[in-house]
Amino acid sequence: MKKVLIVEDDNSINGLLYDLLEDYEVTQAFAGSEAKRILEDERFDLILLDLMLPGINGEDLILWIRQTHQTPIIVITARSEASVLSSVLEAGANDYIAKPFNTVEVLARVKNQLRDFSPSENQLQELQLGSLKMNEETHTVSYNDQPLDLTQKEYELLRCFLQHPKKVFTKANLYETVWQEPYFGDDNTVMVHISRLRKKLQKVTDKEIIKTIWGVGFQLD
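Residues numbered from 1 in each chain as written. Predicted model: local features only at pLDDT ≥ 70, side-chain atom pairs only at ≥ 80, totals over all residues. Heavy atoms only, no water.

Draft legend 1. Main features of the nonpolar core. Formed by 27 residues in total, the largest nonpolar core has its most connected members in L132, V141, L158, F161, L174 and I210. Listed by contribution, the elements that provide at least two residues to this core are β7 (132-135), β8 (140-143), α6 (152-163), α7 (171-178), α8 (187-202) and β11 (217-220). Setting aside residues no more than four positions away along its own chain, I210 makes contact with F161, L197, R198, L201, F218, Q219 and L220. Counting 21 residues, the second largest nonpolar core, distinct from the first, contains L51, I62, I65 and V75. (Core = buried A, V, L, I, M, F, W, Y, C linked by side-chain atoms within 4.5 Å. Buried < 20%, exposed > 50% of the residue type's maximum accessible area, 1.4 Å probe, protein only. Helix = DSSP H or I, 4+ residues; strand = E, 2+ residues; numbered from the N terminus. Contact = heavy atoms within 4.5 Å.)

See below:
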């Protein structure tokens, strides 16, 4: 059974999410500091995280989690400012849901993240092209044996390229494969994640690993 950690200081919302996720093994935390203590001892398949928390706020908790874990994180917040949402995604969150939320949407996004995070049994355990390696069993990526700390979406994007190294991916291809949603021309989402992935690759090699095919999309080089 998949394990989900809910980090929410509002008792009623925390309880609502707990009841909603009855098909999973759910642990509840009501403060950022409490969540940190739990995560030091346990691994989870997904974290639902509020931002305005006592002890340690949500943004700082995401940064701490990403130092050691790639567990998918869905931020659930009443803060809708573009700068806030951009900062939590930059810190390593995989998705966000605005309060007040629709329970159907929460379940759909939870299922999507859990499906993305769990490699299917028929996938190869290791993908490799040159010095670039991806291990599906350990969920790790390295270049020349130097580890790369990727977010879940960055990992999924790189997996697309490694599985089809000769294919030129359009933005629509990548969006619908990685985000599992219809593409309606949201170029910014794909471009931001491709840019972050490139920057992390540039830290370990001066080669252009992902090249732009102008007017078409992207290809692994």
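Draft legend 2. A look at the pairing of β7. Only one face of β7 is buried, namely the one carrying L132 and M134, since none of K133 and N135 on the opposite face is buried. Relative to β7, strand β6 (residues 126-129) runs antiparallel, the two sharing four bridges. Note that in β7 the partner of Q128 across the bridge is K133. Between β6 and β7, which pair antiparallel and follow one another directly, the connecting turn spans two residues, one of which, G130, has a positive phi of 60 degrees. Pairing geometry for β7 and β8, over four bridges, is antiparallel. What sits directly across from N135, in β8, is T140. (Pairing = 2+ DSSP bridges.)

Draft legend 3. Representation of the layout of surface pockets. The volume enclosed by the largest pocket comes to roughly 500 Å³. Considering the residues around the largest pocket, the lining is formed by 22 residues, among which L89, D95, Y96, W179 and T189 are closest to the centre. For the lining of the largest pocket, the secondary-structure elements that each account for two or more residues are α4 (82-91), β5 (95-98), α5 (103-117) and α8. In terms of residues, the lining of the largest pocket owes the most to one element, α8, which gives five residues. Broken down by class, the residue content of the lining of the largest pocket amounts to eight nonpolar, seven polar and seven charged. (1 Å grid on protein atoms, 1.4 Å probe; cavity = no way out; pocket = protein on both sides within 12 Å on 5 of 7 lines; lining within 4 Å. Points joined across faces, edges and corners; volume = space filled by probe spheres on them. Nonpolar A, V, L, I, M, F, W, Y, C, P; charged D, E, K, R; others polar.)

Nothing here speaks to function; it is geometry throughout.
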